[in-house]
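In case you want the letters, here they are:
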Amino acid sequence: MPDSHLSFERTFDITLAAMADQRMTFSVQDKRQGRIVGAVDGSTLAATVQPIRDGTTRVTFEPQADTAADAALLKRVVDAYNERMAKLGLLGGFKDADG
């Protein structure tokens, strides 16, 4: 079974870095609660990192509004997250509802 604490730490850091890649400023960086909230150009995105009992870690991204700019920011962050995960050779990555 994977070390869930290390997996959580690594995933939180990757999530934060993917958001920082978009030059977001952060109002919340709470590793204990697994919560990150950042904004850029009037769009705000929240991320939640949760350890799962099987040793994996779940990441969810939530735009704070339903605008085209928020959707574009979400896509850029997810792409950056997946790129960082791929560079580390980690399986998984983030998938949207379409696939």
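Residue indices follow the written sequence of each chain, beginning from 1 at its first position. Totals for whole chains, interfaces and linings use every residue, but because this is a predicted model, local features are given only for residues with pLDDT of at least 70 and side-chain atom pairs only at 80 or more, for both listing and counting. The side-chain numbers reported here are obtained from all heavy atoms of the structure, hydrogens and water having been left aside.

K.L.:
For this particular structure, what's the right way to read the overall build of the chain?
P.N.:
Strands here are runs of E lasting at least two residues and helices are runs of H or I lasting at least four, both read from the DSSP assignment and numbered beginning at the N terminus. Scanning the chain from terminus to terminus reveals two helices and four strands. Sorting the 99 residues of the chain into buried and exposed places 35% on the buried side. Contact between two residues is taken to exist if any of their heavy atoms lie within 4.5 Å; hydrogens are not considered. For the chain, restricting intrachain contacts to residue pairs at least 6 apart in sequence, the fraction spanning at least 24 positions comes to 40%. Whether a residue is buried, partly exposed or exposed follows from its accessible area with a 1.4 Å probe, protein chains only, as a fraction of its type maximum: under 20%, in between, or over 50%, in that order.

K.L.:
Before we go on, may I ask you to explain the side chain of Ser 43 in this structure?
P.N.:
Mapped onto the elements, Ser 43 comes out in strand β3 (residues 43–51). Whenever two N or O atoms come within 3.5 Å, that pair is a polar contact, provided that in protein one can donate a hydrogen and the other can accept it, and provided that, for residues adjacent in sequence, both atoms are side-chain atoms. Within the structure, Ser 43 has its side chain in polar contact with the side chain of Asp 70 (distance 2.8 Å). Those residues in contact with Ser 43 that sit more than four places away from it in its chain are Gly 38, Ala 69, Asp 70 and Leu 73.

K.L.:
I would appreciate a short explanation of the pattern of salt bridges in the present structure.
P.N.:
Close approach of charged atoms allows side chains with opposite charge to pair. By definition here, a salt bridge exists when the distance from a side-chain nitrogen of Lys or Arg to a carboxyl oxygen of Asp or Glu is within 4 Å. Applying the stated criterion to the full structure yields five salt bridges. For Glu 9, the salt bridge is made with Lys 31, and the minimal N-O distance between the two is 3.1 Å. Separated by 22 residues along the polypeptide, Glu 9 in helix α1 (residues 4–20) and Lys 31 in the loop between β1 (25–30) and β2 (35–40) bring together distant segments of the chain. Residue Glu 9 is classed as partly exposed on the basis of its relative accessible area, which comes to 25%. Residue classification places Lys 31 among the partly exposed residues on the basis of a relative accessible area of 28%. Salt-bridge contacts for Asp 13 lead to Lys 31; the nearest nitrogen and oxygen are separated by 3.0 Å.

K.L.:
Sorry, what's going on with the packing of aromatic side chains here?
P.N.:
When we look at a pair of aromatic rings, we describe it by the centre distance and by the angle of the planes. Side-chain rings of Phe, Tyr and Trp, where Trp is taken by its six-membered ring, are said to pair if the distance between their centres is within 6.5 Å; with planes under 30 degrees apart they count as stacked, over 60 as edge-to-face, and otherwise as tilted. Counted according to the given criterion, the structure contains two aromatic pairs. Considering the side-chain rings of Phe 61 and Tyr 81, the 5.9 Å spacing of their centres and the 75 degrees angle between planes classify their relative orientation as edge-to-face. One end of the pair, Phe 61, is in strand β4 (residues 57–63); the other, Tyr 81, is in helix α2 (residues 68–87), and 20 residues separate them in sequence. We note that Phe 61, like Tyr 81, is buried.

K.L.:
Explain the sheet that holds β3 to me, please; I cannot follow it from the model alone.
P.N.:
Backbone hydrogen bonds are what pair the strands of a sheet, in a parallel or an antiparallel way. The criterion for strand pairing is that DSSP finds at least two bridges linking the strands in question. Read across the open sheet, the four strands follow the order β1-β2-β3-β4; overall the sheet is antiparallel. Looking at the sheet topology across the chains shown, the edges are occupied by β1 and β4. Direction aside, neighbouring strands of the sheet carry axes that sit 10 degrees apart on average. Across six bridges, β2 lies against β3 in antiparallel orientation. Looking at the pairing, Gly 38 lines up with Leu 45 of β3. In this analysis, axes come from line fits to C-alpha atoms, helices being fitted only over the stretch in contact, and the angle between any two N-to-C directions falls in the range 0 to 180 degrees.

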